[in-house]
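Report on the structure
Listed below, chain by chain, are the residues.
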Amino acid sequence: TAYRRQRQMCIRDRYYVVLISGLDTKKFLQGLCTNDINKLSEKENCMPASLLTNKGRIFANTILYYISKDSDSSPRVILELHKDSCSEVQRYLTMYRLRSKVAIKPLPWSCNFIPGSSVSNTNNAAEVISFVDPRIAGFGTRVLQPQGN
């Protein structure tokens, strides 16, 4: 039941959410991530990846969420990161942005987790975004929403 799922929901305040948007979003992320960002689309809208340093070392782990396209048809991607690395990742992304046509914006959203649940994927950037965990479906459902909702 819905009440049971609501009781199981765990707020994961250990996570930090960043929106990357603009014409060069996929090109920008492709150079920084371990996964093939070109596969991220409306069909495959969620994937795990790691951010790499310029020497190819793993800098941070993330889950990428394809949200939608802006009015100028540029993709919008949300990165879910661990909160302990948020300032370093923000500086890192800004440093590598250089001439890319992307905007990097931290979002005041919370990341919630419903263990053992497989709620279908929803993709509504204005309200709530929910995805079955892309690493292992048995981990449950990840729910991103603006704080206070």
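So, a few notes on the structure that sits alongside this text. Model, not experiment: these values are computed from the prediction.

Let us look at the overall build of the protein. A tally of regular secondary structure across the protein gives three helices and 10 strands. Ordering the α and β elements of the protein from the N terminus gives α-β-β-α-β-β-β-α-β-β-β-β-β. Within the protein, the proportion of its 149 residues that are buried is 42%. Taking all contacts inside the protein whose residues are at least 6 apart in sequence as the whole, residues at least 24 apart take part in 58%.

This paragraph deals with the packing of aromatic side chains. Taken as a whole and assessed by the stated rule, the structure comprises three aromatic pairs. Among the aromatic residues, those joined into a cluster by ring pairs are F59, Y92 and Y96. Its end group placed over the ring of Y15, R142 keeps NZ or CZ at 5.5 Å from the ring centre.

With 12 residues, helix α3 (residues 86-97) should reach 16 Å at 1.5 Å per residue; the first-to-last C-alpha distance of 16 Å fits that figure. Along α3, the positions that sit buried rather than exposed are V89, Q90, Y92 and L93. With its buried residues spanning 165 degrees around the axis, α3 presents them on a single face.

Reading the values: the criteria
- Residues numbered from 1 in each chain as written.
- Predicted model: local features only at pLDDT ≥ 70, side-chain atom pairs only at ≥ 80, totals over all residues.
- Heavy atoms only, no water.
- Helix = DSSP H or I, 4+ residues; strand = E, 2+ residues; numbered from the N terminus.
- Buried < 20%, exposed > 50% of the residue type's maximum accessible area, 1.4 Å probe, protein only.
- Contact = heavy atoms within 4.5 Å.
- Phe/Tyr/Trp six-rings, centres within 6.5 Å; stacked < 30°, edge-to-face > 60°.
- Lys NZ or Arg CZ within 6 Å of the ring centre and 35° of its normal.
- Expected span 1.5 Å × (residues − 1).
- Arc of directions from axis to C-beta.

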